[in-house]
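Letter by letter, the chains look like this.
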Amino acid sequence: MKLFDDFDAVKFTEENLLFIAKNGYLYYIYNPKYECWNKHRNAGNDSITVANYVDVPKEELIAAMQGKFPEKETDFMRLCHPSQLWIRDMLDLLKEDYESYMADYSIYHSVQELLSESDICYRSFLKIQDLFNHAIASKLNNEQVLIQVKELCLVILGRDIFKKEIGIVDGHDCSSYFWIRPVRIFDSKYIYDIDDVAEMQGVEISIEEDDVNSYLTPFLFKYFDGELEANKKRVDEYWTDEDGNEKASYVRDFEWNLTHNFYTLESVKEMLDDVRDTIDAFDSERETDLTTKLKEKNNDHLDIELVVDFYHRFIYRMEYMIKVAAEKGYDLISFMGP
């Protein structure tokens, strides 16, 4: 049965299940035996041939939908347990039910951040629903609701995720971030393919490339050693000439995009000593070559308190990374741009 948009409702008669598919991909499943809807765990990725199934009778679908014929996807979401929903599903439901609040960008963004940061996302979703329901009953305005959402974030997460800070992401962020992680080089003539370098993922951090450019490049450029054997092996292009000889062009300098920039553990320790000295220089209003470079790079518009906070957190992460790397036999730290 054709539904709204590109959704279809069909019946899997062998198992007595109802399937809801979009463009031929399975999204929702109804089990009449237990009278329950579930969002498919791999929704949108597992295809079915809709033509091979029988249409669901309209009356049967309405009964499964608790007396309502579905008109939009959120009608199915409402009948699933919240733990099965994705964050974007929750946001769609909140926009639909609390339009006046969710139309406010500040509130929407705060709710989105809370859901994204939550360890048990659906419980936060239920708390947000309670908050909005209370706000409506109390006739709170958007400014009052925003304050309550931020207070809820602090209660649920135990930290202020809206505090202005230069971000450090735990793990691997695939967008415009530098990836910083311990690595080990295999016995390889070239470093060209991903299989040439063993990467330790457990303690990896990611920092936005603009922040790396603004606050870390003076340290990274100072301590980058192009004569380090690992850096000398980095290949930009690799080919075989007409005579069958292997040829390669090499990366010699610090490379910004998708290339390992290797540092020894000892050189990173020295770099962190410079970061500490820079913190002290900022605190004591002492001028150094590095503080001068940082001010020039940021056109003398450095928020010192913000930068110092970032440096403290960066030092903490890197010291831990060095300790774990050494324990696990990784002898290099790689800084790789997006």
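Definitions and limits used
- Residues numbered from 1 in each chain as written.
- Predicted model: local features only at pLDDT ≥ 70, side-chain atom pairs only at ≥ 80, totals over all residues.
- Heavy atoms only, no water.
- Helix = DSSP H or I, 4+ residues; strand = E, 2+ residues; numbered from the N terminus.
- Buried < 20%, exposed > 50% of the residue type's maximum accessible area, 1.4 Å probe, protein only.
- Phe/Tyr/Trp six-rings, centres within 6.5 Å; stacked < 30°, edge-to-face > 60°.
- Lys NZ or Arg CZ within 6 Å of the ring centre and 35° of its normal.

J.: Describe unusual backbone geometry, and please don't skip the residues or the numbers.
T.: Positioned with a positive phi, Glu35 is a non-glycine residue whose angle comes to about 50°. Tracing the sequence through the fold places Glu35 in the loop between β3 (25-31) and β4 (36-39). Taking relative accessible area as the criterion, Glu35 reaches 63% and is therefore assigned exposed. A positive phi angle, near 60°, is found at Gln66, a position not held by glycine. In this fold, Gln66 is placed in the loop between α1 (58-64) and α2 (73-77).

J.: Tell me about the packing of aromatic side chains, and name the residues and values.
T.: Summed over the entire model, instances satisfying the criterion amount to 24 aromatic pairs. Aromatic side chains Phe4 and Phe7 sit 4.9 Å apart centroid to centroid with 40° between the ring planes, which places their arrangement in the tilted category. On the accessibility criterion, Phe4 (13% relative accessible area) is buried. Ring pairs connect the aromatic residues Phe4, Phe7, Tyr27, Tyr28, Tyr30, Trp37 and Phe76, which therefore count as one cluster. Across the ring face of Phe69, the terminal group of Lys58 is positioned such that the distance to the ring centre comes to 5.1 Å.

None of the figures reported here should be taken as evidence of function without further support.
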